Structure formats: C-alpha cells, structure tokens
Amino acid sequence: GAGVSQSPSNKVTEKGKDVELRCDPISGHTALYWYRQSLGQGLEFLIYFQGNSAPDKSGLPSDRFSAERTGGSVSTLTIQRTQQEDSAVYLCASSSLLPLNSGEERKKLFFGSGTQLSVL
Amino acid sequence: GENVEQHPSTLSVQEGDSAVIKCTYSDSASNYFPWYKQELGKRPQLIIDIRSNVGEKKDQRIAVTLNKTAKHFSLHITETQPEDSAVYFCAARNNAGGTSYGKLTFGQGTILTVHP
C-alpha cells in the first residue's frame, strides 16, 4: 500500500473486554513501532520490532499489553481486560533499517492515522 | 538506552517571529535526527531530518542544526505563520546493537502557537 494502514480507526469497548488493534506497515519496512498518545500528550513508546530480532518491549505499561508481528509484516497490538485509562490513540509507524546512505526515503519513519480507543 | 529531552514544552510567538525548539540526546552513537509536526487530530509528519555527518540543514523557512560534541540539535522556524501552529517532536535514532538497533526515540513534544 501507499502508507501505514491501521484498523479499526475507532474502537469503543467496555471495561474488562479484550481488544485487538491492527497495523499494516509499508511494504518492505522491517522496523515497526507502536505508540500511545493521550489527548494533548506526547508519544508514549510501547514496543519496537526490527526484522527477525527480539522486539524491544520496554514500553509496554503492563502485562495486559502484548503485540505480535507475523511474517515480518502485519502487527497486532492486544490489550486484555481493558481499563478506562487505556483510552487513547494508538499509533503505528514503520521504517526501513537500511543503512542511512541507502536512500533518503527508506530510513524515514511513517505513521499510520491511528486507532482511537475508548474504554467505557 | 537513548534518552531525548525536548524544550520548551510550550512556545508562543507572534506571526513573523522566529521559533526555536531544542533537544538533547544521551547516546553518542545516535546518527539520525528527524523532526515531526503533528497538527491537531492528525498523525505526526516528518518535516526535516539531519544526519550526524552534517551540521546544518535548511528547507525554506525550516532549519535544523546539530552539535554532536554537545549532543544537542535544534529546530528553527523563521517568519512563522499561523499554520505552523502544531506539536513538534524531535527524535534520535540509535545506532547501537541489540533490541534497540535503529530505534527512534522521541522527545516529549513542543506545542507551538503562532498568534496572528
């Protein structure tokens, strides 16, 4: 596709339910990030996938949060037993990890339009 | 790991004035520094970036400077316009090994308001 695609764009759920958020990165991008952004706040790093290496999970706020990246492409962020404080926009981003002299466009990070999660 | 500090958190200027946002980073191995602009309700968009082998880069009214020795870099916007109002994020890309290889670490963001 032309850009990073996220689905759904909006998700309303009840407290205690599980949710899955999907990210389709730009084709060929080996690096993929998940961020969380509350209203008026900064980008809270959640998890980083790069190629076939073990992901950097240092930003996941609790064990209710997990993410997978299957086949090095599509990623799913799962939040179990959602809480009201999980309400936020969840942003996915992808980039290439080619050396910096391999092309200006490839190293740039591109964001999806996000999933607005509302936990009632 | 990398730590990026961004200042100020808010910046208010009059139309036509210049705006400067500063960031510091902790990992001397970082070698790529992009800046993102996020308008209200939209996704962050890359506006300019700089590599560690360059000290300054300009693109029309926007410029970025990098001081590798001091480990800080800055965004300069000249002749500001109301449409420049947004949240701006700096970032640094890690070049060390391990699970954080190639990882971009973002600053906390600066809310820029340009008053007409």
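A quick note: this is a predicted structure, and the numbers were derived from the prediction, not measured.

Peer 1: Report on the overall build of chain B, specifying residues and quantitative values.
Peer 2: Within chain B, the secondary structure is distributed over zero helices and eleven strands. Its helices and strands taken in sequence order, chain B reads β-β-β-β-β-β-β-β-β-β-β from the N to the C terminus. For chain B, the C-alpha radius of gyration of 14 Å lies close to 13 Å, the compact-globule estimate for 116 residues. Projecting the C-alpha coordinates of chain B onto the three principal axes gives extents of approximately 45 × 30 × 20 Å. Taken over 116 residues, chain B has a buried fraction of 44%. Long-range pairs, those at least 24 residues apart, make up 55% of the contacts in chain B between residues at least 6 apart in sequence. A total accessible area of about 5500 Å² is found for chain B, and carbon and sulfur atoms account for 48% of it. For chain B, the separation between the mean place of its 12 positive charges and that of its 12 negative charges on side chains is 8 Å.

Peer 1: Tell me what's going on with the pairing of strand β3 (residues 19-25) of chain B, and back it up with residues and numbers.
Peer 2: Residues and elements named next belong to chain B. Covered by surrounding structure in β3 are Ala-19, Ile-21, Cys-23 and Tyr-25 only, the residues Val-20, Lys-22 and Thr-24 on the alternate face being uncovered. Bridge analysis of strand β1 (residues 4-7) against β3 gives four bridges, and the strand direction is antiparallel. Within the sheet, the bridge partner assigned to Glu-5 lies in β3 and is Thr-24. For β3 and strand β8 (residues 72-77), the ladder comprises six bridges, and the chain directions are antiparallel. Paired with Ala-19 across the strands is Ile-77, a residue of β8.

Peer 1: I'd like a description of the pattern of salt bridges, backed by residues and values.
Peer 2: All names here are of chain B. Here the structure, examined in full by the defined rule, presents eight salt bridges over all chains. Two residues, Glu-39 and Lys-42, come together in a salt bridge whose shortest N-O distance is 3.7 Å. Of the residues examined, Glu-39 reaches a relative accessible area of 30% and is grouped as partly exposed. Exposure remark for Lys-42: the relative accessible area of 52% places this residue in the exposed category. Across the pair Lys-57 and Asp-49 runs a salt bridge, and its minimum N-O distance is 2.9 Å. On the accessibility criterion, Asp-49 (4% relative accessible area) is buried. One network of salt bridges, with partners in common, ties together Lys-37, Glu-39 and Lys-42.

Peer 1: Hey, could you go over the sheet that holds strand β1 (residues 5-7) of chain A for me, with residue numbers and the actual values?
Peer 2: Residue and element names in this part refer to chain A. Reading across the sheet, the four strands line up as β1-β3-β7-β6 and stay open at both edges, with antiparallel pairing between neighbours. Every other strand in the sheet has two partners, leaving β1 and β6 (65-69) as the edge strands with one partner each. Strand-to-strand twist across the sheet, computed as the mean angle between neighbouring axes with direction ignored, equals 15°. Where β6 meets strand β7 (residues 75-79), five bridges bridge the pair, whose relative direction is antiparallel. Residue pairing across strands places Ala-67 opposite Leu-77, the latter belonging to β7.

Peer 1: Residue-level account of the pairing of β8(B), with values.
Peer 2: Bridge analysis of strand β7 (residues 62-67) of chain B against β8(B) gives six bridges, and the strand direction is antiparallel. Following the sheet pairing, Thr65(B) is matched in β8(B) by Ser74(B).

Peer 1: Break down the nonpolar core for me, with residues and values.
Peer 2: One finds Tyr25(B), Phe33(B), Trp35(B), Phe73(B), Leu75(B), Tyr88(B) and Leu112(B) to be the most contacted residues of the largest nonpolar core, which totals 22 residues. Mapped by element, the contributors of at least two residues to this core are β2 (10-14), β3, β4 (32-38), β5 (45-51), β7, β8, β9 (86-93) and β11 (110-115) of chain B. Beyond its immediate stretch of four places on either side in the chain, Leu112(B) contacts Leu11(B), Val13(B), Ala19(B), Ile77(B), Asp84(B), Ser85(B), Ala86(B) and Tyr88(B). Membership of the second largest hydrophobic core comes to 20 residues, among which are Ile26(A), Leu77(A), Tyr90(A) and Val119(A).

Peer 1: Go over the sheet that holds β8(B) with me, naming the residues and quoting the values.
Peer 2: Residue and element names in this part refer to chain B. In spatial order, the strands read β1-β3-β8-β7-β6; together these five strands make up an open sheet with antiparallel pairing. The outermost strands of the open sheet, each flanked by one partner alone, are β1 and β6 (56-59). In this sheet, neighbouring strand axes are inclined to one another by 15° on average, regardless of whether the strands run parallel or antiparallel.

Peer 1: So, the side chain of Ser74(B): which residues are in play, and what are the values?
Peer 2: With respect to the secondary-structure elements, Ser74(B) resides in strand β8. Setting aside its immediate chain neighbours within four residues, Ser74(B) contacts Val20(B), Ile21(B), Lys22(B), Trp35(B), Ala63(B), Val64(B) and Thr65(B).

About the criteria used
- Residues numbered from 1 in each chain as written.
- Chains lettered and ligands numbered in written order.
- Predicted model: local features only at pLDDT ≥ 70, side-chain atom pairs only at ≥ 80, totals over all residues.
- Heavy atoms only, no water.
- Helix = DSSP H or I, 4+ residues; strand = E, 2+ residues; numbered from the N terminus.
- Rg over C-alpha atoms; globule rule 2.2 N^0.38 Å.
- Buried < 20%, exposed > 50% of the residue type's maximum accessible area, 1.4 Å probe, protein only.
- Contact = heavy atoms within 4.5 Å.
- Areas by Shrake-Rupley, 256 points an atom, 1.4 Å probe, with all protein chains shown as cover.
- Lys, Arg positive; Asp, Glu negative; His and termini not counted.
- Charge placed at Lys NZ, Arg CZ, Asp CG, Glu CD.
- Pairing = 2+ DSSP bridges.
- Salt bridge = Lys/Arg side-chain N within 4 Å of Asp/Glu carboxyl O.
- Axes fitted to C-alpha atoms, helices over the stretch in contact; angles between N-to-C directions.
- Core = buried A, V, L, I, M, F, W, Y, C linked by side-chain atoms within 4.5 Å.

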